[in-house]
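As a plain string of letters, each chain reads:
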Amino acid sequence: MSEVRRRVAGIALLIGLYLLIVYLVPKPEAVSPAGWRIFGLFVASVAGLVLEPVPGGAVVLIAVTLTPILGGLTLAQALSGYADSTVWLVMAAFFISRALINTGLARRIALLFVRRFGTSSLGVCYALSMSEMVLATIIPSSGARAGGVVLPIVRSIAELYGSRPGTTARLLGAFLIITVYECVAISCAMFFTGQASNPLVAKMAAPTGFRVTWASWFMAGIIPGLCSIALTPLLVLKLYPPEIRRTPEAAEFASKELATMGPLSSKEWILAVVFAGVCGMWITSDWHGVDITLTALLGSVSLLLANVLSWEDVKSERAGWDIFVWYGGLLMLGKALNDTKVPAEFANGIAGAFGSLGWPLLFAVALAIYFYSHYAFASITAHVLAMYPPFLAILLAKQAPVGLIVFAFACFANLSAGLTNYGTTPAPMFFAHEYVPLRDWWRIGFVVSLLNIAIWSTIGFGWWKLLGIW
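Residues numbered from 1 in each chain as written. Predicted model: local features only at pLDDT ≥ 70, side-chain atom pairs only at ≥ 80, totals over all residues. Heavy atoms only, no water.

A separate point is the overall build of the protein chain. The helix and strand inventory of the protein chain stands at 23 helices and zero strands. In summary, the protein chain has a C-alpha radius of gyration of 22 Å against a globular reference of 23 Å for 470 residues, a match within 12%. Overall, the protein chain is about 70 × 60 × 50 Å in size when its C-alpha atoms are taken along their principal axes. Out of the 470 residues in the protein chain, the part that is buried amounts to 54%. With an accessible surface of roughly 18900 Å², the protein chain has 67% of that area assigned to carbon and sulfur atoms. Of note, the protein chain has its 29 positive side-chain charges centred 3 Å away from the centre of its 22 negative side-chain charges. (Helix = DSSP H or I, 4+ residues; strand = E, 2+ residues; numbered from the N terminus. Rg over C-alpha atoms; globule rule 2.2 N^0.38 Å. Buried < 20%, exposed > 50% of the residue type's maximum accessible area, 1.4 Å probe, protein only. Areas by Shrake-Rupley, 256 points an atom, 1.4 Å probe, with all protein chains shown as cover. Lys, Arg positive; Asp, Glu negative; His and termini not counted. Charge placed at Lys NZ, Arg CZ, Asp CG, Glu CD.)

As structure tokens, then:
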């Protein structure tokens, strides 16, 4: 009964928020009444993604259904997000990731890294973090690659040394859990497919005229990302050292697991070729001009024809179809909101209020607010949906370099997920193993955030300058 009350209270709150905005908040003159109602729906949808009185996909579907009634859109316009190629790129990537997990190739990749580098606690962290980073080049679900592939290996290695939640957690498991998770947040920031909302960010940046591709994100993220992944385990080693430093059994464990798996199966070989081919086509897309969504769909179709991926796998990819519903709906809502001129009016108002500040100082202040506001979000998607467009508009109104602004706010949203135990999908999965107390998780997350901000705002921005991004 309490669950029913919570749901009713949450829905009532969202309705009240919509009514408050539409009927009590003053409407800018440049915005039409229908546009203002779309803004109300958008704000209520973001609040629904945070509060989740019903699942996030249901929240978005309700908003999509209401836009023709309240927002003056046609039904075709309301459903247009589901025809967007970016939505199908994410779906195709989910299908390929399902094959990577089902065939065991993803786990094999992680075990190969552990066998090679896992002779110390630090080496195990690097091995698992690098393997998760490799999977992030094509698997858009951080939950699938980190929670489904890497986390079970982390737990197994910890238990090899008798490190379990409680009095023995600090032997090894606590260090592995928190360090690997912090690196997961970094890999989310490194790639177009690092996190499911990254293509959404690229779409929201499109109206600025700055085009974000898989290859351009790869080039932007690779150097600062590798620096962060190299230094984060060293920092956590100082902050939260494990009692066990040498872990030869971890490498032996990986060798035994690989021996049990046997040689690469024919399905794994086919999948490895498709994996390399898709990534190669994505990297070189600017040369040959083949759309990255078409490449991903061709990869998925190839796996279906080779029976590496079954149609049952496609139908049962629940996470992928869930994302399809909310992702397509959010794309439409974002475009509809942009057409209402609300973001432009907001940017003009803020720019006027901070008219005395030059763009560099305003950028620094905005980026800090944007980063640490993630304490209020349990979803990277909800964070970027609520804050990315207005902050982008504010800085562009101050004539800040568009490439710098687009990538900075895109990457920092992902990095901020390392702050808390609920920052993104894998966070509660790692935290639920109860190796790391809440106080330590937040303390380490904050210190690591300072390191990431320092790296990405110096090495990262400098690297982007060399690339000509700004």
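Next comes the rest of the write-up.
We now examine the side chain of Ser121. Residue position: Ser121 is located in helix 7 (residues 121-136). In this structure Ser121 touches Leu172, Phe175, Leu176, Pro242, Ile244, Arg245 and Thr247, once residues within four positions along its chain are discounted. (Contact = heavy atoms within 4.5 Å.)

This part is about helix 15 (residues 292-305). Taking 1.5 Å as the rise per residue, helix 15 with 14 residues should run 20 Å; its terminal C-alpha atoms sit 20 Å apart, in good agreement. Along helix 15, the positions that sit buried rather than exposed are Ile292, Thr293, Thr295, Ala296, Gly299, Ser300 and Leu303. An end-on view of helix 15 places all buried positions within 165° of arc, on one side of the element. Where helix 15 is buried, its residues contact helix 5 (85-103), helix 11 (214-239), helix 13 (266-283) and helix 14 (285-288). Residue Asn307 follows helix 15 closely and has a positive phi angle near 65°. (Expected span 1.5 Å × (residues − 1). Arc of directions from axis to C-beta.)

Below, the discussion takes up the layout of surface pockets. Taken as a whole, the largest pocket spans an internal volume of roughly 650 Å³. Looking at the largest pocket, it is lined by 30 residues, and the ones nearest its centre are Asp322, Ile323, Trp326, Ser379 and Thr425. Counting only elements with at least two residues in the lining of the largest pocket, the list comes to helix 2 (33-51), helix 3 (56-70), helix 5, helix 8 (142-160), helix 17 (318-339) and helix 20 (380-397). Ranked by residues supplied to the lining of the largest pocket, first place goes to helix 17 with five residues. Partitioning the lining of the largest pocket into residue classes produces 15 nonpolar, eleven polar and four charged. (1 Å grid on protein atoms, 1.4 Å probe; cavity = no way out; pocket = protein on both sides within 12 Å on 5 of 7 lines; lining within 4 Å. Points joined across faces, edges and corners; volume = space filled by probe spheres on them. Nonpolar A, V, L, I, M, F, W, Y, C, P; charged D, E, K, R; others polar.)

Position of Leu200 among the secondary structure elements: in helix 10 (residues 198-205). When the C-alpha atoms of Leu200 and Ala296 are compared, they prove to be 17 Å apart, with 96 residues separating the residues in sequence. The contact partners of Leu200, leaving out residues within four places of it in the chain, are Tyr327, Leu330, Leu331, Thr381 and Leu385.

Right, let's talk about the nonpolar core for a bit. Among the nonpolar cores identified, the biggest contains 154 residues, and Tyr388, Phe409 and Trp464 are the most heavily contacted of them. Looking at this core, the element that brings in the most residues is helix 9 (residues 173-190), giving 13 residues. When near neighbours in sequence (up to four residues on either side) are disregarded, Phe409 contacts Phe363, Ala366, Leu367, Tyr370, Tyr388, Phe391 and Leu395. (Core = buried A, V, L, I, M, F, W, Y, C linked by side-chain atoms within 4.5 Å.)

All right, on to the packing of helix 20 against helix 21 (residues 402-415) then. Following both chains from N to C, one finds helix 20 and helix 21 inclined at 155°, their axes separated by 10 Å at the closest point. Taken together, helix 20 and helix 21 sit at an angle that is classed as roughly antiparallel. The way helix 20 lies across helix 21 gives a crossing that is right-handed. In contact with Ile380, Val384, Tyr388, Phe391, Leu392, Leu395 and Leu396 of helix 20, helix 21 contributes Val402, Ile405, Val406, Phe409, Ala410, Ala413 and Asn414. A breakdown of the residues in the contact of helix 20 with helix 21 according to their chemical character gives 13 nonpolar, one polar and no charged. (Axes fitted to C-alpha atoms, helices over the stretch in contact; angles between N-to-C directions. Parallel < 35°, antiparallel > 145°, perpendicular 65-115°, else oblique. Left-handed = near helix turned anticlockwise from the far one by under 90°.)

So, about helix 17. When the terminal C-alpha atoms of helix 17 are compared, their 32 Å separation across 22 residues agrees well with the 32 Å that a helix rising 1.5 Å per residue should span. Taken from the residues just after helix 17, Lys341 is the one with a positive phi, measuring 75°.

This next bit is on the packing of aromatic side chains. Summed over all chains, the structure comprises 30 aromatic pairs. Note on Trp36 and Phe39: the rings are 4.9 Å apart at their centroids and 35° apart in plane angle, and the pair reads as tilted. Pair noted here: Trp36 and Phe39 are both in helix 2, with a separation of three residues, about one helical turn. As far as the burial class goes, Trp36 and Phe39 line up, both buried. The ring of Trp470 has Lys465 sitting right over it, with the charged end atom 4.4 Å from the ring centre. (Phe/Tyr/Trp six-rings, centres within 6.5 Å; stacked < 30°, edge-to-face > 60°. Lys NZ or Arg CZ within 6 Å of the ring centre and 35° of its normal.)

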